[in-house]
Amino acid sequence: MSEKPWDGRFSDRTDTSVEAFTSSIQTDKRLYPYDIEGSVAHCRMLAKVGVITHEEAGELAEGLWRIKRELDQGNFKFSDSLEDIHMHIEARLLQEVGKVAQKLHTARSRNDQVALDARMFLRDATGQTIGRLQDLRKVLVALAEQHTDTVLPGYTHLQRAQPVLLAHHFMAYYEMFSRDAERFADSLKRTNVMPLGAAALAGTTYPIDRAYTAELLNFPAICANSMDAVGDRDFMLEFLAAASICMVHLSRLCEELVLWSSAEFRFIELADAFATGSSIMPQKKNPDIPELIRGKTGRVFGDLVALLTLMKSLPMAYNRDMQEDKPPLFDAVDTLSACLDIMIKMLPTIQVKIQTMRQAASVGFLNATDMADYLVGQGVAFRAAHGIVGQAVAYALSQGKELNELSLEELKKFSKVIQEDLFERLTLEQIIARRQSAGGTSQENVRAAVAAAKEGLAGTGIAST
Ligand code: ARG
């Protein structure tokens, strides 16, 4: 049990059960580098405007850096009675530099302090996330580059639909993760705003210079309204929303890796180093990594919903409820980072079964649309062509054949305009090559998309920055 900053107002000591219940130190201790950096900037600002002397600011800053080293080395003793990281550091500073430490909290509240720490933490985490996404996008582009000749079935409703290039499939994920990177970069604009100086909620009577604090801490802007500065957690919600969408994308990729590595598909084989076995079934090779990423997606959604629910209907400005923001925030940051990191390592190691993919794309009438398009080229209206090919498919099914395995005579029964040149049109090569509409799967398009992506990734990789 330690002395509390509010002891003046209270005649009874805090019950130890209350200390345990209200403490957040085990969670928020990871904010310490930001808390210290923020406090040092605050001291320098206070000295600049004459609220404390430069000498005092120097003593405070030196003490704070010493405490940072202690924390870096893991020698710091934490206790529930000091509630959170802010009070721990302030209390330690008093032992370190003596009475001058009592000036540190002038013109400041833990309300604006914790908002500052969270924003500094999250702008770092967001930058790292964008970096990881950049790496993942590079991996996808490299895979696409290797597979501009690999054909697999494209699916709708998980039914074989039309052949596509595997490169095109990978580049679809590239697009998703590129949007994610842009979303994070956009949210960063609103995270990167400096709340300190709002104090408890109303601002302060001291002649503080918030722009100077912002400059010292490398913030391009300050929060415009002191109540919003301490009451706002939109920046966290935006990160969590972007993280949730990114996890959706990861989960879809993972689902395909799980399906593709099954005996039913056999499109890929995972590297031994990135798969696990069974404790009972000797033959098993399980895709646990994609399964776990798929599972962790639910966790990140939970983090978003937890924070949305926490913030819903909170009256202005700061409420202690908001201390509960950090567990979901940290969990989402950690979970997303771990998922991206392992995906970046695992994806380049998959072995693609090019022949199995091609075989799958050759069976199941994936060329039916192309036969209809051929008929349109011969002057048949598309709807009529669709009906003709539908009949041909039904007939081929009854014969246990593919459309391209029927004879010209058999095919001519369905339409007189069909000629020998139809067979060429039904080959995988033609089906792919002719899909030259913008964004379509022709080699030409896909190679251009890969080249453009490589060029983009050489810079920041984000169109908006
Ligand atoms: N540990 C608190 C939090 O994370 C810091 C702010 C506390 N403010 C207060 N007035 N009790 O939200």
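The rules behind each value
Residue numbering note: each chain is counted from 1, following its sequence as written. Owing to the predicted nature of the model, reporting of local features is limited to residues with pLDDT of at least 70; listing and counting of side-chain atom pairs is limited to 80 or more, with chain, interface and lining totals taken over all residues. Where side-chain values are given, they derive from all heavy atoms of the structure, hydrogens and water being excluded. Within this scheme a cavity is a closed region of a 1 Å grid, computed over the protein atoms alone, that accommodates a 1.4 Å probe without allowing it to escape, whereas a pocket is open but has protein on both sides within 12 Å along at least five of seven lines; lining residues each have an atom within 4 Å of a point. Grid points are joined across faces, edges and corners, and a volume is the space filled by probe spheres set on the points. Starting at the N terminus, helices and strands are each numbered in turn, a helix being any DSSP run of H or I of at least four residues and a strand any DSSP run of E of at least two. Residue type decides the class: Asp, Glu, Lys and Arg count as charged, Ala, Val, Leu, Ile, Met, Phe, Trp, Tyr, Cys and Pro as nonpolar, and the leftover types, Gly among them, as polar. Think of each axis as a best-fit line through the C-alpha atoms, taken over the contacting stretch in the case of a helix, with angles from 0 to 180 degrees between the N-to-C directions. Just so you know how the angles are binned, under 35 degrees is roughly parallel, over 145 roughly antiparallel, 65 to 115 roughly perpendicular, and the rest oblique. Each helix crossing is assigned a hand: it is left-handed if the near helix lies turned anticlockwise from the far helix by less than a right angle, otherwise right-handed if that turn is clockwise. In what follows, residue pairs with any heavy atoms lying within 4.5 Å of each other are defined as contacts. Paired strands are those between which DSSP finds at least two bridges. Here a polar contact means two N or O atoms within 3.5 Å. Within protein one must be a hydrogen donor candidate and the other an acceptor candidate, and residues neighboring in sequence count only if both atoms are side-chain atoms. Note on definitions: salt bridges are taken to be side-chain nitrogens of Lys or Arg within 4 Å of carboxyl oxygens of Asp or Glu. Throughout, exposure labels follow a simple rule: accessible area from a 1.4 Å probe, protein chains only, divided by the maximum for the residue type, with under 20% read as buried, over 50% as exposed, and the rest as partly exposed. Nearness of a residue to a molecule or strand requires only that one of the residue's heavy atoms be within 4 Å of it. To measure how exposed things are, a 1.4 Å probe is used in the Shrake-Rupley method; for residues, cover is taken only from the protein chains shown.

(A) Looking closely at the layout of surface pockets. By volume, the largest pocket is sized at about 540 Å³. Looking at the largest pocket, it is lined by 19 residues, and the ones nearest its centre are Glu 3, Leu 82, Glu 90, Ala 91 and Leu 94. Sort the elements by how many residues they give to the lining of the largest pocket and helix α5 (residues 85-97) lands first, with 7 residues. Here the lining of the largest pocket is composed, by residue class, of 8 nonpolar, 5 polar and 6 charged. By volume, the second largest pocket is sized at about 310 Å³. Elements that contribute at least two residues to the lining of the second largest pocket include exactly β1 (151-156), α7 (166-191) and α10 (234-260). Considered class by class, the residues forming the lining of the second largest pocket number 8 nonpolar, 2 polar and 3 charged.

(B) Structural context of the packing of helix α14 (residues 368-377) against helix α15 (residues 382-399). Taken N-terminus to C-terminus, the directions of α14 and α15 make an angle of 135°; their axes are 8 Å apart at the nearest point. With respect to α15, the axis of α14 lies oblique. With respect to the hand of their crossing, α14 and α15 are arranged in right-handed fashion. Contacts between α14 and α15 pair Ala 368, Met 371, Ala 372, Asp 373, Leu 375 and Val 376 from the former with Phe 382, Ala 385, His 386, Ile 388, Val 389, Ala 392 and Val 393 from the latter. For the contact of α14 with α15, a count of residues per class yields 11 nonpolar, 1 polar and 1 charged.

(C) Looking closely at the pairing of β1. Both β1 and strand β2 (residues 159-165) contribute to a ladder of 6 bridges, which runs antiparallel. Its bridge partner lying in β2, Tyr 155 is registered against Arg 160.

(D) Looking closely at the side chain of Ser 337. Within the fold, Ser 337 resides in helix α12 (residues 326-346). Within polar-contact distance, the side chain of Ser 337 engages the side chain of Arg 132 at 3.5 Å.

(E) Here's a closer look at the pattern of salt bridges. Under the counting rule described, the total for this entry stands at 28 salt bridges. Notably, a salt bridge pairs Lys 48 with Asp 209, separated by 2.7 Å at the nearest N-O pair. In this pair, Lys 48 is assigned in helix α3 (residues 32-48) and Asp 209 in the loop between β3 (193-194) and α8 (210-216), connecting sequence segments 161 residues apart. When the shortest N-O distance is used, the salt bridge between Glu 96 and Arg 66 registers 2.6 Å. Taken together, the residues Glu 96 in helix α5 and Arg 66 in helix α4 (residues 54-72) connect sequence positions 30 residues apart. Judged by relative accessible area, which is 25%, Glu 96 ranks as partly exposed.

(F) Highlighting unusual backbone geometry. Residues Met 316 and Ala 317 are joined by a peptide bond in cis, for which omega reads -5°. With respect to the helices and strands, Ala 317 occurs in the loop between α11 (288-311) and α12. In this structure, Ser 313 is a non-glycine residue whose phi angle is positive, near 70°. Tracing the backbone through its elements, the reader meets Ser 313 in the loop between α11 and α12.

(G) How the structure looks around the site of the ligand. For the ligand, the full set of nearby residues is Ser 24, Asp 84, His 86, Arg 110, Asn 111, Val 114, Tyr 318, Arg 320, Gln 323 and Lys 326. Between a nitrogen atom of the ligand and a side-chain N or O atom of Gln 323, the distance comes to 2.9 Å. Interatomic distance of 2.7 Å between a side-chain N/O atom of Lys 326 and an oxygen atom of the ligand. Here the ligand has 340 Å² of accessible area as a free molecule, and 87% of this is covered by the chains.

(H) The arrangement of the side chain of Asn 286 in detail. Within the secondary structure, Asn 286 is located in the loop between β5 (268-269) and α11. For Asn 286, a relative accessible area of 16% gives the class buried. A polar side-chain atom of Asn 286 sits 3.3 Å from a polar atom in the side chain of Lys 284. For Asn 286, the residues in contact, after removing those within four places along its chain, are Ala 275, Thr 276, Gly 277 and Ser 278.

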